[in-house]
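Remarks on the overall topology
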Amino acid sequence: MGLTRRAFLGGISLALGAGGAALTVGPGSYYQALAQPTDRKLALLIGINQYPETALDTVPNPDAGLRGCETDVALQRELLIHRFGFQASAILTLTNQQATRAAILEAIAQHLVAQARPGDVVLLHFSGYGSQVQLQTDPDQPYLAWVTVDSRLPTEQDPTLGDLLELEVISQLQGLATNNLTTVIDAGYQDIGYNRHGNLRVRSRPSVPTALWPPGLSPSRALSWPGTLLRAATPSHLVLEGQWDGLSAGIFTYALTQGLWTELPNPNPQLWMQDLGNRSRRWVGSEQNPSWSSVVRQKATAYTLPAQMTAADGVVLSAPGGDRPLVLWLGGLDPVVLSYLQPGSELVIRPPVGQGIPGEGPAPVQLRLESRMGVKATARALGPMVSLSNPSQPVYEKVRLLPRSIDLVVASDNRLQRFERVDATSALAAIPFVTAISQGAKGADCLFGRLLSPTPPTLTAALSPPEAPVEPLQEKPDLVVPNRYGLFTPNCHQLASSWTTRDEAVKTAVARLTPQFHGLLALKLVRLCANLQASWLGATASLETVGSKPQLLIAQCSDRGETPFPSFKRRTIDNPDQSPVPMLASTTKLLYRVTSPRTDRLQGLLIQFDGQGQCHLLLVPAITTASNIGNGSGGRASLGFTLPDDSEGIPVPPTPGLVESYLVLNRRSFDHCHQALGENGQNPTQGSLVQISQPLPLAQALLEDLHSGPPSSDHYRLCHDQWVCFNFNYRITPEVT
């Protein structure tokens, strides 16, 4: 029998476990085992969570290690197989104890270099700790390295390098017979001295070792990465790992793979970067900036291959039939939505039609979600159980079931003293809609902490950091400013409106912040309504400036519309250098323009949160939308309207900072929103934004208006064919005096 991939991994593990030496496998034998015949697509995926303490720091740290690197490997593997047609046998994975320095180099040599032929497509992915390394012979020039599972910090007794230099990997890849290589690195190199940044894990080793070259090692610094290189961030920026309910993953890898699940592959790398930035910005802002480089013109990369499956929210992994449920992979869903997606949510399988003729082929299969663990889920058909001949079928979200009891999760900053954390936990636990946790216990919406000096940049209440990268907040107890408490984002930036200049006790601060907790929870609930890619209600919306030189800022289109099958779409970019978050002066006026192929009534609602956490609302009466029916493309009737319904535009908030704006179109009226506003003595239907003093009841009313089910239900049942929610973000720049 030929050498199998399992035998290859097992052989490496046995050989290295016996004495640390690499297993020698002849290139010919391994090539014959896996590459005859070749499918012309090869991948090596490496992910390390379980690091020994000795690999990271000289001081034992029980919090050492990562949690999302194995998830990264799984995300990439399913994406490559189901979206881009990689064969499972052509994907080699090394995780945790398998990912030693010698095993990684051996796998590159045998699985990639020995097999690849001209024209083949190759992908190499690494998720784990990165490190800067200084060499005693060249102390002023740091080198970038991967921290492998058997890495160790140099000691006086053994000062040789224990990490895997990137230059060694580059040198190994020079032997590839194909230019079509894509390397993905979800590891960081910034020396910040600790494992956590707010509530997020940092993927760079806390210390920078100084070492000697290993005997016989002399990689050339002149070498550059072959093919295309995608980094989670430039070496001078943080690389962070996200944590959600039951799910941890690299921010970069999740954003990358989610985008490739839900978009048609696009050969424009600038569009890749914009999409990655937009997706990761929702979780960590601009603090982590993905980078892209390519030294040769490639015919193909792993992410520009012809799609083997239409864009979707996930895929069926297995459909055993009988009484056994289907196993699903939901890597295309937003991780925050995935965290709250409840059993009973509905999805649909849409098998491919015959010969591209509508109406032919199997009928769509309706599914009901039963359980979820991470991005894997089980579901059953709503009708007779299904056994698919080819289980690799796309899955789409159809009905989003959310719990009514969604809390704001507030973590107590570990930099607080013990008695402060006790007081904070006690005070936060007394607020009915707040869940208090310790920092890092699970995903959090914000952190309660004490002001440190030097003061970190202030920020909007939208839980997003500033556009410009900033230095991380350093832990310097001698610079602590006593008794000033407020809120930080999960990645450790101040929420601007949560701080006061006076000294106060912990419980006093929590009481003062309670109204802001209301606003943050309202924003969280509205974010869970965003469904641009999931909506089956076809519509297009754009954000434009008003004035002598009007400018189109952002245009969005609901992806699935109301066609029988989701269409293939490839987005383009007119100005790749334009910031994905427009920067606007405080004197700017904006216009929202909406078109839809529907000719029945649609209700409109615009809700926004400004840089101080203030909420504003504009409701569009049904009579406005129903009266604007005209001829669209092809002479078919369509609906169109603007917000406001004149050409004057809406003034932007005067306060500098990020503005999150959500435009909701609904087939039903916003009765509960009207009721909530009436009870508060407000009527925002006069064509201008109205400030909302109590945004939480309004956000709850919005979910109630989108709910399709009995009012006594324990869940919100949100049907994606009934509404679409667009999200437009922009930043107000400070006035120059």
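First, a word on what this report is: a plain description of the structure on this page. Quick caveat: nothing in here was measured; it's all calculated off a predicted structure.

1. Examining the overall build of the protein chain
The helix and strand tally for the protein chain stands at 13 helices and 37 strands. Expressed as a percentage of its 737 residues, the buried residues of the protein chain come to 57%. Put simply, 78% of the contacts in the protein chain that link residues at least 6 apart link residues at least 24 apart. Accessible area for the protein chain stands at about 28,900 Å²; split by element, carbon and sulfur atoms hold 52% of it.

2. Examining the packing of helix H9 (residues 418-429) against helix H10 (residues 506-527)
Angle between the axes and distance between the axes: these two values describe a pair of packed helices. The contact between H9 and H10 brings their axes to 9 Å, and the two run at 40°. Viewed along their axes, H9 and H10 adopt a mutual orientation that is oblique. Where H9 crosses over H10, the two elements pack in a sense that is right-handed. Between H9 and H10, the residues in contact are Glu 420, Asp 423, Ala 424, Ser 426, Ala 427 and Leu 428 and Val 506, Lys 507, Val 510 and Phe 517, respectively. Residues that form the contact of H9 with H10 fall into these classes: six nonpolar, one polar and three charged.

3. Section: helix H3 (residues 69-84)
Every α-helix carries 3.6 residues per turn, so stepping three or four residues along brings you back to the same face. Here H3 spans 21 Å end to end across 16 residues, near enough to the 22 Å set by a 1.5 Å rise per residue. Counting buried positions over the 16 residues of H3 gives 13, a clear majority of the element. Trailing H3 by a residue or two, Gly 85 shows a phi angle of about 75°, which is positive.

4. Considering the environment of Lys 589
Relative to the helices and strands, Lys 589 is located in strand S28 (residues 589-596). Between the alpha carbons of Lys 589 and Pro 550 there is a distance of 9.8 Å; along the sequence they are 39 residues apart. The contact partners of Lys 589, leaving out residues within four places of it in the chain, are Glu 544, Thr 545, Val 546, Glu 648, Gly 649, Ile 650 and Pro 651.

5. Comments concerning the packing of helix H12 (residues 671-679) against helix H13 (residues 695-706)
Following both chains from N to C, one finds H12 and H13 inclined at 160°, their axes separated by 7 Å at the closest point. Our classification of the angle between H12 and H13 gives roughly antiparallel. In the packing of H12 onto H13, the handedness of the crossing is right-handed. In contact with Asp 671, His 672, Cys 673, Ala 676 and Leu 677 of H12, H13 contributes Pro 697, Leu 698, Ala 701, Leu 702, Glu 704 and Asp 705. When grouped by side-chain class, the residues that make up the contact of H12 with H13 number seven nonpolar, one polar and three charged.

6. Observations regarding the pattern of salt bridges
Scanning the model with the defined rule gives 19 salt bridges in all. With its nearest N and O atoms 2.8 Å apart, the salt bridge here joins Asp 445 to Lys 524. Remark: Lys 524 occurs in helix H10 and Asp 445 occurs in the loop between strand S22 (434-438) and strand S23 (446-452); sequence separation between them is 79 residues. A single burial state applies to Asp 445 and to Lys 524, both of which are buried. Within this structure, Asp 72, Asp 186, Arg 203 and Glu 241 form a network of salt bridges that share partners.

7. Re the sheet that holds strand S4 (residues 130-135)
Spatially, S6-S5-S4-S10 is the arrangement adopted by the four strands of the open sheet, whose pairing is mixed. In this open sheet, the two strands that pair with only one neighbour each are strand S6 (164-165) and strand S10 (210-211). Two elements, strand S5 (residues 138-146) and S6, share two bridges in a ladder whose sense is antiparallel. Bridge pairing links Ala 145 to Leu 165 in S6.

What counts and what doesn't
Residues numbered from 1 in each chain as written. Predicted model: local features only at pLDDT ≥ 70, side-chain atom pairs only at ≥ 80, totals over all residues. Heavy atoms only, no water. Helix = DSSP H or I, 4+ residues; strand = E, 2+ residues; numbered from the N terminus. Buried < 20%, exposed > 50% of the residue type's maximum accessible area, 1.4 Å probe, protein only. Contact = heavy atoms within 4.5 Å. Areas by Shrake-Rupley, 256 points an atom, 1.4 Å probe, with all protein chains shown as cover. Axes fitted to C-alpha atoms, helices over the stretch in contact; angles between N-to-C directions. Parallel < 35°, antiparallel > 145°, perpendicular 65-115°, else oblique. Left-handed = near helix turned anticlockwise from the far one by under 90°. Nonpolar A, V, L, I, M, F, W, Y, C, P; charged D, E, K, R; others polar. Expected span 1.5 Å × (residues − 1). Salt bridge = Lys/Arg side-chain N within 4 Å of Asp/Glu carboxyl O. Pairing = 2+ DSSP bridges.

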